[in-house]
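What follows is the residue order along each chain.
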Amino acid sequence: MTDRRLLLVHAHPDDESIWTGATMARYAAEGAQVTLVTCTRGEEGEILSPELAHLAADRTDDLGRHRSVELAFACAALDVPDHELLGGAGRWRDSGMMDAPSNDDPRCFWRADIDTAAEQLVALIRDRRPQVVVTYDDNGFYGHPDHIQAHRVAWRAFEKSADPDFGTGDPWQPAKFYATAMPESVLRRELMRLRAESGPFEVVDSIADLPFGVPDDQVTTRIDAGEYLPAKIEAMQAHATQISVHGTAFALTNNIALPLMGVEYFTLIAGERGPAGVDGYEADLFGTRFPW
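Named according to an unreviewed UniProt entry, the protein is 1D-myo-inositol 2-acetamido-2-deoxy-alpha-D-glucopyranoside deacetylase originating from Allonocardiopsis opalescens. The record in UniProt for the protein states the following under Function (unreviewed entry): "Catalyzes the deacetylation of 1D-myo-inositol 2-acetamido-2-deoxy-alpha-D-glucopyranoside (GlcNAc-Ins) in the mycothiol biosynthesis pathway." On record in UniProt, under Catalytic activity (unreviewed entry), the comment for the protein is "1D-myo-inositol 2-acetamido-2-deoxy-alpha-D-glucopyranoside + H2O = 1D-myo-inositol 2-amino-2-deoxy-alpha-D-glucopyranoside + acetate".

This is how it looks when you write it as structure tokens:
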């Protein structure tokens, strides 16, 4: 078992590459054990490629199976072979966007019992024994129900992983719990850059037009993984049903330009913050002296 172990909890295939791909690739390259847990197969995702539109017909799970293959290729690009679907393939279904009819599907992740899902994650935590867990904040980064649920489940598992009366396996308490973040100042700067560039995507007028972005003082950690941006781009391109990449921008099915970055940001929710650099940010998710 390696000295540094990182476990990430994401809602759908593609979230790992968009929001944490460079970080994952960097730590994997540095020899850390990186484990990705994905909560659904993304069955409700829209599809960019017209030739694949049939995958979403009649709300079958064909798209979920296809996106699982995309996820495998993305993980290979990031050099992260340790990937698990929470509860096994198809255990919980993509819930769709907030207030969509798919939110009412009893199979969807939004309706999962928190303790039942947390027990599945606790088993993985106790097996992999990560010091660091990464997921979203309590708003799910941008309000998607599966992202919000991923936070709830991950937080419950983080709290309960050391409780011998919860779940199975030997208790294990990770030392740190992080949420993905995008500082408003960075988002504002990147939108200015995107507006100055010509490209195939639409650019919003203001960060207020985007559903994410948090005040700078909420962000604790900046991971510079620019060296691994090519791996992140390759991973994002593997999610061809969902993501279009052009130059230094990407877009989802709404065609809104978003910045393609090798620097990724996080907020420490629990645990001891490591030393800050001159920019005020912690520069390493493992920037704490662990007791093991």
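Past the structure itself, the notes keep going.
1. Examining the packing of helix 2 (residues 62–78) against helix 6 (residues 229–238)
For the pair helix 2 and helix 6, the least separation of the axes is 8 Å and the interaxial angle reads 175 degrees. On the basis of the axis angle, helix 2 is roughly antiparallel to helix 6. Along the contact surface, helix 2 presents E70, F73, A74, A77 and L78, while helix 6 presents A231, K232, E234, A235 and A238. Here the contact of helix 2 with helix 6 is built from residues that sort into seven nonpolar, no polar and three charged.

2. Overview of the UniProt feature "binding site: Zn(2+)" (unreviewed entry) in the protein
If you check UniProt for "binding site: Zn(2+)" (unreviewed entry), the listed places come out as H12, D15 and H147 in our numbering. These residues run over 136 residues, yet every pair of their C-alpha atoms falls within 9.5 Å of each other. Within the secondary structure, D15 sits in helix 1 (residues 15–29). Classification of D15 by relative accessible area gives buried; the value is 4%. Relative to the elements of secondary structure, H147 occurs in helix 4 (residues 145–160). Accessibility expressed as a relative area gives 0% for H147, which makes it buried. Other than its neighbours up to four places away in sequence, H147 contacts A11, H12, D15, Y136, G140 and Y142. Here D15 takes part through its side chain, which lies 3.2 Å from a polar atom of the side chain of H147.

3. Some points on the environment of L36
Along the chain, L36 falls in strand 2 (residues 33–38). Taking the C-alpha atoms as reference points, L36 and L285, separated by 249 residues in sequence, lie 16 Å from one another. Setting aside residues up to four positions removed in sequence, L36 forms contacts with L8, H10, E16, M24, L71, C75, D82, H83 and E84.

4. Let's talk about the packing of helix 3 (residues 114–128) against helix 4
Put simply, helix 3 and helix 4 touch, their axes get as near as 8 Å, and they point 60 degrees apart. One way to sum up the angle between helix 3 and helix 4 is to call them oblique. Handedness of the helix 3/helix 4 crossing: right-handed. Contacts between helix 3 and helix 4 pair I114, D115, A117, A118, L121, V122, I125 and R126 from the former with Q149, R152, V153, A154, R156, A157 and K160 from the latter. Across the contact of helix 3 with helix 4, the residue classes break down as nine nonpolar, one polar and five charged.

5. Describing the sheet that holds strand 9 (residues 258–259)
The strand order 7-8-9 describes an open sheet built from three strands, whose pairing is antiparallel. Each edge of the open sheet is held by one strand with a lone partner, namely strand 7 (244–246) and strand 9. Summarising the sheet, strand 7 and strand 8 (residues 249–251) pair through three bridges and their orientation is antiparallel. Within strand 8, the position partnered with S244 by the bridge is A251.

6. Comments concerning the pattern of salt bridges
Per the counting criterion, the structure on display carries 20 salt bridges. D163 serves as the salt-bridge partner of K160, at 3.9 Å between the closest nitrogen and oxygen. When its relative accessible area of 23% is taken as the criterion, D163 is described as partly exposed. Between E282 and K176 there is a salt bridge whose closest N-O contact spans 2.7 Å. Of the two residues, E282 sits in the segment after strand 10 (263–270) while K176 sits in strand 5 (residues 176–181), which places them 106 residues apart along the sequence. Each of the two residues, E282 as well as K176, counts as buried.

Definitions and cut-offs
- Residues numbered from 1 in each chain as written.
- Predicted model: local features only at pLDDT ≥ 70, side-chain atom pairs only at ≥ 80, totals over all residues.
- Heavy atoms only, no water.
- UniProt positions renumbered as here; feature names shortened; annotations may be inferred.
- Axes fitted to C-alpha atoms, helices over the stretch in contact; angles between N-to-C directions.
- Helix = DSSP H or I, 4+ residues; strand = E, 2+ residues; numbered from the N terminus.
- Parallel < 35°, antiparallel > 145°, perpendicular 65-115°, else oblique.
- Contact = heavy atoms within 4.5 Å.
- Nonpolar A, V, L, I, M, F, W, Y, C, P; charged D, E, K, R; others polar.
- Buried < 20%, exposed > 50% of the residue type's maximum accessible area, 1.4 Å probe, protein only.
- Polar contact = N/O pair within 3.5 Å; in protein donor to acceptor, adjacent residues only side chain to side chain.
- Left-handed = near helix turned anticlockwise from the far one by under 90°.
- Pairing = 2+ DSSP bridges.
- Salt bridge = Lys/Arg side-chain N within 4 Å of Asp/Glu carboxyl O.

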